[in-house]
Each structure stands twice: as structure tokens, then as C-alpha cells.
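# Remarks on the overall topology
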Amino acid sequence: MLRRTSVSGLALAALLAPLAVHAQEWPSRPVRILVGSSAGGGTDAMARAVADRLGPMLKQPVVVENRPGASNTLAADATAKATDGHTLLMGVVTAHAIAPHLLKLNYDSNKDLVPVAYVGAVPNVLVATNGLPAQSVKELVALAKKEPGRINYASSGTGSTQHIAAETFKDAAGIDLTHVPYKGSSAALVDLVGGQVQMSFDTMPSVIGQIKNGKMRALAVTTPQRNPQLPQVPTMAEAGLPQVDIAAWYGIYMPATTPKAIQQRVNDAVNQVIAMPETQTRLGAVGAELKPMSQADFTAFHNAEYQRYGQLIRKNNIRID
């Protein structure tokens, strides 16, 4: 019996040894991080901050490639089908927890991709045009109840976190708002500053500059705690609406065929990158809250968010026509 156990142990070690060597030798060429949105946005900022530090750590160039479109799912589709062994995806809540409930995808987001390393999250911010006579969430709700449907809210598109947050807000507050979807945040914010729309729940990286320059008014953040970049702005929970708990989160995904040892190496490396003071400072400036996480914890988080957003979408009857 002892001899069998010893032989079995040696056999197992022989099987695992090539995987360990393979992980140590990886990457053998430049690594790509695909991003499902245009350069300059929150997802792009996260990817570039990680790539800049990940390259020296892996001793290979790490290049960011932008493939915008279809609620961030074009990049996810390309990653799911990648066979080069050196393609990562900077995933975002829109692609992994929202779009699968709204779009017919050419891949299975829960089978063809695997969550590898959580990076962090940024809050959505309830912002209003300076011309709107509401200085707080309470005043905004009162105004919307007084004139149902008159207040328009902008989003970067149907199914975006801006859209989900606003619909959750409508349901929680018992008010009627009119949705005006745009093709991206840039155009939406131009019209918000100009007064063509009255409010939005945009992500902090997109609006923090406009808020600090006085071009729009921040009424609340959608995370449970206040954000250090906007410490004077209350949370939706403080405003009496804890149901509006929405954040744009980001994490590294890889094709499901990636060897487990390589997934673990990427998780370890990304956790080291986001723990670096320079990374914390760089992304903290746009309101990001970074958090090292094991792959198992990120997978559990991904699954919970997938279920949560599915419920929100069904409850609020959100569809892409």
C-alpha cells in the first residue's frame, strides 16, 4: 500500500511538472490586453495602468488594444476566441454582468471566458446640469414627482451602468424620468453641460473633471461609501435610497482554455500591480477603489454580479430593441 501511494504521488508530480514549467516560461512573447471601449475612458485607464507595471514584471511588453463596440462585448468575443495563449481582457461589468442578459452574443460569457484577477471599481455619480433647480437627491425626487416624465436623463447607451442605475433610481424613488441614450459618454456629457438633458448617472472618471470645474453638479455617488475624490458628495444610501448600489467594476479575464497555472500567475502579478502605491495613486485620482482578490473570490463576485444584474434588468423590464 505504501509503495502504491508513493508511485501514485510520483505519477501526479510528473503530470503537474510540465504545467509548472509552462507557467514559469509564460509569457514567451508580447501580451495583449483587449479593451472593449475607446481610448480615454475608464476601462482604458484601468488597462493602461495595469499594463505599464505588468510588462516589467512579466519581462515582456504588454500592449493595450482598443476594440470598442456592442456594450464592450467585441473585445470579449475576440478574447474568448483567442488561441495565442497571450491575450487578456480588461473586463467590465457591462460586458460580463449586463450584456449577456440583453444581447445575443457569439460566445458564452460564463463558459468561454474565465475571471482571473479583480482590479477595482469606480462609482457612478448622479450628476445634474447646473440649470436644474435641485441641489440634492431629495429635491430632485420632489421635482420629478411634481412634473412626471419632464426630466430627461442621459446614458452612454441602453444596458449601460448609467441606464441600469437610473432605472433602479426611478423604481426606488417612485418617479418617472425619460431615458435619452447616446453612443458613448462623451456626447451625453456635452448635452448635459449644454442643458439638452438634465441628469445622468455617469462613471466617475468621465465626470470628475467637469464636476471639479463647476460645469455640472454632483448630487450623490452610487456606492455604499463616499469617495475620497468627492468627499463632500453623499451616497445614495445617505439620501435614503440604498437600493441604488451600482459601480463600474473591472477585472482581467482570459480564455477558458488557459492553463490554470498561467491563470494563477496572472492573478498573482495583477494583485501585486494594484497594490503598488503608484498604481493606487494613478487610479485613485479618477475615483477608482482597487482591491487585490484571489481568483476564487473574483469568480464568486462575478457570479453574484451576473445574478444581481439579471434580476435588476428583469425587474425594470430593460430591453434593447
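Presented here is a report on the structure given in the accompanying data block. (Residues numbered from 1 in each chain as written. Predicted model: local features only at pLDDT ≥ 70, side-chain atom pairs only at ≥ 80, totals over all residues. Heavy atoms only, no water.)

## Re the nonpolar core
Put simply, the test is: The set of buried Ala, Val, Leu, Ile, Met, Phe, Trp, Tyr and Cys residues whose side-chain atoms join them within 4.5 Å is what this entry labels a nonpolar core. Accessible area is worked out with a 1.4 Å probe on protein chains only. A residue is then buried under 20% of its type maximum, exposed over 50%, and partly exposed in between. A run of DSSP states H or I qualifies as a helix once it reaches four residues; a run of E qualifies as a strand once it reaches two. Both are numbered from the N-terminal end. Any pair of residues with heavy atoms lying within 4.5 Å of one another is described as a contacting pair.
Met90, Phe169 and Ile252 are the most contacted members of the largest nonpolar core, which totals 84 residues. No other element matches the 10 residues that strand 4 (residues 113–128) contributes to this core. Ile252 has contacts with Leu88, Leu89, Met90, Val114, Pro115, Val116, Ala117, Val119, Val266, Val270 and Phe298, leaving out every residue within four places of it along the chain. Among the nonpolar cores identified, the runner-up in size contains 17 residues, and Val125, Val207, Leu230 and Val233 belong to it.

## Topic: the layout of surface pockets
The condition that has to hold: A cavity here means a set of 1 Å grid points, computed over protein atoms only, where a 1.4 Å probe fits but cannot escape. A pocket is an open set with protein on both sides within 12 Å along at least 5 of 7 lines, and lining residues have an atom within 4 Å of a point. Grid points are joined across faces, edges and corners, and a volume is the space filled by probe spheres set on the points. In the scheme used here, Gly and all other residues not listed as nonpolar or charged are polar, with Ala, Val, Leu, Ile, Met, Phe, Trp, Tyr, Cys and Pro taken as nonpolar and Asp, Glu, Lys and Arg as charged.
If you add up the space inside the largest pocket, you get close to 890 Å³. Considering every element that reaches the lining of the largest pocket, the biggest residue donor is helix 7 (residues 185–194), with 4 residues. Of the residues that constitute the lining of the largest pocket, the class distribution is 15 nonpolar, 23 polar and 3 charged. When its volume is computed, the second largest pocket comes out at roughly 360 Å³. Forming the walls of the second largest pocket are 19 residues, and the residues nearest its centre are Tyr118, Ala121, Thr223, Ala247 and Phe301. At the level of secondary structure, the elements contributing two or more residues to the lining of the second largest pocket comprise strand 4, strand 9 (247–255), strand 10 (289–290) and helix 11 (295–315). Class assignment of the residues belonging to the lining of the second largest pocket gives a composition of 12 nonpolar, 2 polar and 5 charged.

## A word on the side chain of Ser185
Just so we agree on the cut-off: Two N or O atoms form a polar contact when they lie within 3.5 Å of each other; inside protein one atom must be a possible hydrogen donor and the other a possible acceptor, and for residues adjacent in sequence the pair counts only when both atoms belong to side chains.
Take Ser185: it is sitting in helix 7. Residue Ser185 is classed as buried on the basis of its relative accessible area, which comes to 17%. A polar atom in the side chain of Ser185 sits 3.1 Å from the side chain of Asp202. If sequence neighbours within four positions are ignored, Ser185 has contacts with Ser156, Gln162, Asp202 and Ser206.

## Remarks on the packing of helix 4 (residues 93–102) against helix 11
The test is simple: Throughout, an axis means a line fitted to C-alpha atoms (over the contacting stretch in the case of helices), and angles, computed between N-to-C directions, take values from 0 to 180 degrees. Small angles under 35 degrees read as roughly parallel and large ones over 145 as roughly antiparallel, with 65 to 115 read as roughly perpendicular and the rest as oblique. Crossing chirality is assigned from the near helix's rotation relative to the far helix, an anticlockwise turn below a right angle marking it left-handed and a clockwise turn marking it right-handed.
It is the contact of helix 4 with helix 11, at a shortest axis distance of 9 Å, that shows an interaxial angle of 45 degrees. Classified by the angle between their axes, helix 4 and helix 11 sit oblique to one another. Judged by the twist between their axes, the crossing of helix 4 over helix 11 is right-handed. Of the residues in helix 11, those in contact with Val93, His96, Ala97, Ile98, Pro100, His101 and Leu102 of helix 4 are His302, Glu305, Tyr306, Tyr309, Gly310, Ile313 and Arg314.

## With respect to unusual backbone geometry
In most cases, non-glycine residues show a negative phi, while peptide bonds are predominantly trans. Along the chain, Trp26 connects to Pro27 via a cis peptide bond; the corresponding omega equals 0 degrees. Within the fold, Pro27 resides in the loop between helix 1 (2–25) and strand 1 (31–35). Look at Ser71: it is not a glycine, yet its phi comes out positive at around 55 degrees. Relative to the elements of secondary structure, Ser71 occurs in the loop between strand 2 (62–66) and helix 3 (73–80). Here Ser71 falls in the partly exposed class, since its relative accessible area comes to 26%. Not every positive phi belongs to a glycine, and Asn72 is a case in point at roughly 70 degrees.

Shape is all these values report; function is a separate question.
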